[in-house]
Amino acid sequence: MLLHAYQQKPIANYNTDCISCTLPNNDSDLIFFTDFWKVVLHPDQSGLGSCLITARRHVGKLSELTPEEFSEFFQVITILEPTLEHTFGATLINLSCDRNWAYRTENPDPPFKNGKSNPHVHWHLTTRYSTSKEFEGILFEDPSFGEPITWRSVKLGQDLKNKIITKIQNELGIVYDR
Ligand SMILES: [Zn+2]
């Protein structure tokens, strides 16, 4: 499995029909992409180094993933879990596939299609820490360690996000510019 990214940081240009369908070259927080998945830094860094792992195909249900997509997803997890453990010292990772926003009646995300929910399979890979961690002078804490994560809307500036992304990429065998 090859991990692809871009030497130049991508320019954000999101697909308004489904933000998960945005091309990897328009995801400004891209870490890498493969044939079937793309990995971007999670917009909420309540867990330092947390990511979103998104199917590159618009697919709504886990049961609709192909064996090839499942197999490659497993490979992505197999490299990301140890990478996040030794890059930032995460104690463990959590993984969830929610898609709840696609089903809410107000401001569904992605928007409804033909009056129906239109989810896109993506996984929240959340890093969990038994002790607080400092990165680039910022202290990251995990006050609900031992329980499901409490999202605290930790939004970082682009410079700091780029440093986190680059640090993860440096740990991986990224092939730049496809
Ligand atoms: Zn989509």
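Preceding this paragraph is the structure being described.
Let us look at the structure shown here. (Residues numbered from 1 in each chain as written. Predicted model: local features only at pLDDT ≥ 70, side-chain atom pairs only at ≥ 80, totals over all residues. Heavy atoms only, no water.)

### Side note on the environment of Ile 165
Phase 1: Within the secondary structure, Ile 165 sits in helix α2 (residues 158-171).
Phase 2: The class for Ile 165 is buried, based on a relative accessible area of 0%.
Phase 3: The sequence separation of Ile 165 and Leu 30 amounts to 135 residues, and the corresponding C-alpha distance is 7.6 Å.
Phase 4: If we ignore the near neighbours within four places in the chain, the residues touching Ile 165 are Lys 9, Ser 28, Asp 29, Leu 30, Ile 31 and Leu 41. (Helix = DSSP H or I, 4+ residues; strand = E, 2+ residues; numbered from the N terminus. Buried < 20%, exposed > 50% of the residue type's maximum accessible area, 1.4 Å probe, protein only. Contact = heavy atoms within 4.5 Å.)

### Side note on the environment of Glu 136
Phase 1: Note on placement: Glu 136 falls in the loop between β7 (133-135) and β8 (138-140).
Phase 2: In this structure Glu 136 comes out as partly exposed when scored by relative accessible area, which is 48%.
Phase 3: Sequence separation of Glu 136 and Leu 160 is 24 residues, and the distance between their C-alpha atoms is 7.7 Å.
Phase 4: Setting aside anything within four residues of it in sequence, one finds Glu 136 in contact with Leu 160 and Lys 163.
Phase 5: Of note is the side chain of Glu 136, whose polar atom sits 3.5 Å from the side chain of Lys 163. (Polar contact = N/O pair within 3.5 Å; in protein donor to acceptor, adjacent residues only side chain to side chain.)

### Let's talk about the coordination of the zinc ion
Phase 1: Note on the zinc ion: its protein donors are Cys 18 (SG), Cys 21 (SG), His 58 (ND1) and His 120 (ND1). The metal-donor distances range over 2.0 to 2.3 Å.
Phase 2: Each of the four donor atoms around the zinc ion contributes to a set of angles spanning 103 to 116°, which defines the coordination as tetrahedral.
Phase 3: Between consecutive donor residues of the zinc ion, the sequence gaps follow C-x2-C-x36-H-x61-H. Here His 120 lies in the loop between β5 (92-96) and β6 (122-128) and Cys 18 lies in the loop between β1 (3-5) and β2 (30-33), a separation of 102 residues in the sequence. In this structure, Cys 18 and His 120 share a single accessibility class: buried. (Donors = N, O, S within 2.8 Å, 3.2 Å for Na, K, Ca; no water. Tetrahedral: all angles 85-135°; square planar, octahedral: opposite > 155°, others 65-115°.)

### Let's talk about the packing of helix α1 (residues 67-88) against α2
Phase 1: Packing of α1 against α2 leaves a shortest axis separation of 10 Å and a crossing angle of 120°. Classified by the angle between their axes, α1 and α2 sit oblique to one another. You can see that α1 and α2 cross each other, and the crossing is right-handed. For the pair α1 and α2, the contacting residues are Thr 83, Leu 84, His 86, Thr 87 and Phe 88 in the first and Ile 164, Lys 167, Ile 168 and Glu 171 in the second.
Phase 2: Considering only residue class, the contact of α1 with α2 consists of four nonpolar, three polar and two charged. (Axes fitted to C-alpha atoms, helices over the stretch in contact; angles between N-to-C directions. Parallel < 35°, antiparallel > 145°, perpendicular 65-115°, else oblique. Left-handed = near helix turned anticlockwise from the far one by under 90°. Nonpolar A, V, L, I, M, F, W, Y, C, P; charged D, E, K, R; others polar.)

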